[in-house]
Amino acid sequence: MTDACPAAATDPIRWGILATGKIAHSFAADLMLVPGARLAAVGSRRAASAEEFAAAYDRHGPVRAHGSYEDLVADPEVDVVYIASPHGLHLEHARLALEAGKHVLCEKALTLNAAEAEEMVAIARANDRFLMEAMWTACHPVVRKLQQGLREGRFGTPRLMHAELGFVVSVDASDRMFDPTLGASALLDMGIYPLTFAHLLFGEAESLTAQANVRETEVGSFDVDIVMTGKYAGGVLATMNSSMSSWSSRAAAIATDRGRIELADFHHPTRAVFIEYAAGSTNDSSAVAPVVDIVGDEPVIGRGYGNEAAEVGRCLRAGLRESPLVPWAQTIALLRAMDSIRETVGARYAGE
Ligand SMILES: NC(=O)c1ccc[n+]([C@@H]2O[C@H](COP(=O)([O-])OP(=O)(O)OC[C@H]3O[C@@H](n4cnc5c(N)ncnc54)[C@H](OP(=O)(O)O)[C@@H]3O)[C@@H](O)[C@H]2O)c1
């Protein structure tokens, strides 16, 4: 594949992975399953870490190990760089890759705030490169099927939604999860999912409110637990929460005037069903019609990270610079919403 032209359908998309932490491993494992994709290289701050990572994912051919991010983005055998560093560093690392002429898939949250996201998009535009936030939920076949079904009114008119994602974070105080300079925030790490999910189903929120437990540090403050409410077009109301100090169900439910949609692991649904209530029934479970599974049009690739990698490949082959599933305007609108939520609850990164 050349950097300016769409690849021939038969050329593999050659991926480089920047950083070797937890999500880099999850992504690489799924990338192995994506037709037409090849892991070509990995870059780490430590050569040994890059070598270890490369050796773990070389089943489709050799993976070049680079002991710096600069060397990774300079690798002529790489078409697209997947950025898997903490979000406080995404702008710096995306700039490195885009200015080196690479396309970029960048982990969520794309950046710490909307101003940084606008800057990243401007860099992508100036360098005429593809850029997408790695919002795998938007690429998940079941979520896409649910979006389509709601649009077509197949489940009735949605009225209420609830979604939650949280887990007890038990890591050192120095970990990115507790370091505001690296983007610590229950909202940016987990709350971004219920917020994005609502946006994908109902469009941009008309209004949002929030309550949070905020932790102050010498280098900024961040939300540890957060509860949000949103109002969407047509009067759909949503409650959304996330937490770094408690275990959530990871479930979502959408109540409509015909029944309920329930999702397990809503941000990469492992099960989604529509439970239709019989017309004229009371809220008695015996009146519920047979449960209908909501199944995607395409298979889920791996845990679902494969579907976002496949979407990047599809876009690159079509010569696109942004994905219609995760357009820049959507990512920026959600970051703007998160900026205002953090302001409401008094969580501020240094310099904000
Ligand atoms: N999509 C998802 O499901 C999902 C899940 C979890 C996390 N994420 C996102 O992915 C990103 C990374 O999360 P993670 O859980 O993989 O984090 P992690 O395990 O802490 O790994 C982050 C990696 O970034 C690199 N890095 C560069 N500078 C760093 C610094 N100053 N401090 C710490 N690490 C630094 C390191 O790789 P090297 O040492 O190799 O350079 C490190 O291993 C975050 O933006 C997060 O929101 C997404």
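Owing to the predicted nature of the structure, the values given are computational and were not obtained by experimental measurement.

This part is about the site of the ligand. Inspection of the region around the ligand gives 22 residues, with T20, S44, Y69, K108 and Y305 positioned closest. Contacts to the ligand include G21, whose backbone N or O atom sits 3.3 Å from an oxygen atom. Protein contacts shield 83% of the accessible area of the ligand, which totals 900 Å² for the unbound molecule. Comparing atom positions with the cavity grids shows the ligand to sit within the largest pocket. Taken together, the residues that form the shell around the ligand break down as ten nonpolar, six polar and six charged.

Among the eight residues that make up strand β10 (residues 236–243), six are buried, leaving the element largely enclosed by the rest of the structure. Where strand β7 (residues 158–166) and β10 come together, seven bridges link them in parallel fashion. Looking at the pairing, L165 lines up with S242 of β10. Connecting strand β9 (residues 220–232) to the next strand, β10, in antiparallel fashion are three residues, including G234 with a positive phi near 80°.

Sheet strands pair by backbone hydrogen bonding; their relative direction is either parallel or antiparallel. If you walk across this open sheet you meet the six strands as β3-β2-β1-β4-β5-β6, and the pairing is parallel. Whereas interior strands pair on both sides, the edge strands pair on one side only; in this sheet they are β3 (64–66) and β6 (131–133). Direction aside, the axes of adjacent strands within the sheet are offset by 25° on average. Pairing geometry for strand β2 (residues 37–43) and β3, over three bridges, is parallel. Looking at the pairing, G43 lines up with H66 of β3.

Quick look at the packing of helix α7 (residues 141–151) against helix α8 (residues 186–202) now. Contact geometry for α7 and α8: axes closest at 9 Å, N-to-C directions at 40°. As summarised for this structure, α7 and α8 are arranged oblique, according to the angle between their axes. Contact residues: α7 offers V143, L146, Q147 and L150, while α8 offers F197, L200, L201 and F202. When grouped by side-chain class, the residues that make up the contact of α7 with α8 number seven nonpolar, one polar and no charged.

Further remarks concern the packing of aromatic side chains. How two aromatic rings sit relative to each other is given by the distance of their centres and the angle of their planes. A full pass over the atoms with the stated rule returns seven aromatic pairs. Consider the rings of F27 and Y82, whose centres lie 3.8 Å apart with planes at 20°: the pair is stacked. One end of the pair, F27, is in helix α1 (residues 22–31); the other, Y82, is in strand β4 (residues 80–83), and 55 residues separate them in sequence. Each of the two residues, F27 as well as Y82, counts as buried. Plain terms: the ring middles of W136 and Y305 are 3.8 Å apart, the flat faces sit at 15° to each other, and that makes the pair stacked. Of this pair, W136 sits in helix α6 (residues 136–139) while Y305 sits in helix α9 (residues 305–317), and the two are 169 residues apart along the sequence.

What follows concerns the nonpolar core. Within soluble globular proteins, side chains that are nonpolar generally end up buried alongside one another. Judged by nonpolar contacts, the single largest core of 113 residues is most densely connected at W15, L146 and F197. Considering every element that reaches this core, the biggest residue donor is α8, with twelve residues.

Turning our eyes to something else, we now look at helix α2 (residues 47–56). Within α2, the full set of buried residues consists of S49, A50, F53 and A54. Projection of α2 onto a plane perpendicular to its axis shows the buried side chains occupying an angular sector of 130°, all on one side. The exposed residues of α2 that point more than 90 degrees off its buried face are E52 and A55. Taken together, the buried residues of α2 touch β1 (13–18), α1, β2 and β3.

Along the chain, S221 falls in strand β9. There is a polar contact of 3.4 Å between the side chain of S221 and the backbone oxygen of G346. In this structure, S221 is in contact with V214, R215, E216, G346, A347, R348 and Y349, ignoring residues within four places of it in sequence.

Let us now look at α8. Taking 1.5 Å of rise per residue, 17 residues should cover 24 Å, and α8 covers 23 Å from first to last C-alpha, within 8% of that figure. Counted residue by residue, α8 has 17 buried out of 17 residues, so it is predominantly covered. Residue S185 occupies the N-cap position of α8, its side-chain oxygen lying 3.0 Å from the main-chain nitrogen of L187. Positive backbone phi, at 90°, marks G203, one or two positions downstream of α8.

Let us look at the pattern of salt bridges. Tallying each qualifying case throughout the model produces 16 salt bridges. R336 serves as the salt-bridge partner of E118, at 2.9 Å between the closest nitrogen and oxygen. Taken as a pair, E118 in helix α5 (residues 114–126) and R336 in helix α10 (residues 328–345) lie far apart in primary sequence, 218 residues in all. In this structure R336 comes out as partly exposed when scored by relative accessible area, which is 45%. Salt bridges here are not isolated pairs; linked through shared partners, they connect R14, E77 and D79.

Of the volumes computed, that of the largest pocket is approximately 1,100 Å³. Lining the largest pocket are 38 residues, with G21, K22, I23, R176 and D189 sitting closest to its centre. Counting only elements with at least two residues in the lining of the largest pocket, the list comes to α1, α4 (90–99) and α8. If one sorts the elements of the lining of the largest pocket by residue count, α1 sits on top with four residues. Broken down by class, the residue content of the lining of the largest pocket amounts to 17 nonpolar, eleven polar and ten charged. Each pocket or cavity is described by its volume, and for the second largest pocket that value is around 150 Å³. Lining the second largest pocket, in full, are P141, R144, K145, Q147, Q148, R151, G296, D297 and E298. The residue makeup of the lining of the second largest pocket, split by class, is one nonpolar, three polar and five charged.

Definitions and cut-offs
- Residues numbered from 1 in each chain as written.
- Predicted model: local features only at pLDDT ≥ 70, side-chain atom pairs only at ≥ 80, totals over all residues.
- Heavy atoms only, no water.
- Near = heavy atom within 4 Å.
- Polar contact = N/O pair within 3.5 Å; in protein donor to acceptor, adjacent residues only side chain to side chain.
- Areas by Shrake-Rupley, 256 points an atom, 1.4 Å probe, with all protein chains shown as cover.
- 1 Å grid on protein atoms, 1.4 Å probe; cavity = no way out; pocket = protein on both sides within 12 Å on 5 of 7 lines; lining within 4 Å.
- Sits in = over half its atoms within 2 Å of the grid points.
- Nonpolar A, V, L, I, M, F, W, Y, C, P; charged D, E, K, R; others polar.
- Buried < 20%, exposed > 50% of the residue type's maximum accessible area, 1.4 Å probe, protein only.
- Helix = DSSP H or I, 4+ residues; strand = E, 2+ residues; numbered from the N terminus.
- Pairing = 2+ DSSP bridges.
- Axes fitted to C-alpha atoms, helices over the stretch in contact; angles between N-to-C directions.
- Parallel < 35°, antiparallel > 145°, perpendicular 65-115°, else oblique.
- Contact = heavy atoms within 4.5 Å.
- Phe/Tyr/Trp six-rings, centres within 6.5 Å; stacked < 30°, edge-to-face > 60°.
- Core = buried A, V, L, I, M, F, W, Y, C linked by side-chain atoms within 4.5 Å.
- Arc of directions from axis to C-beta.
- Expected span 1.5 Å × (residues − 1).
- Salt bridge = Lys/Arg side-chain N within 4 Å of Asp/Glu carboxyl O.
- Points joined across faces, edges and corners; volume = space filled by probe spheres on them.

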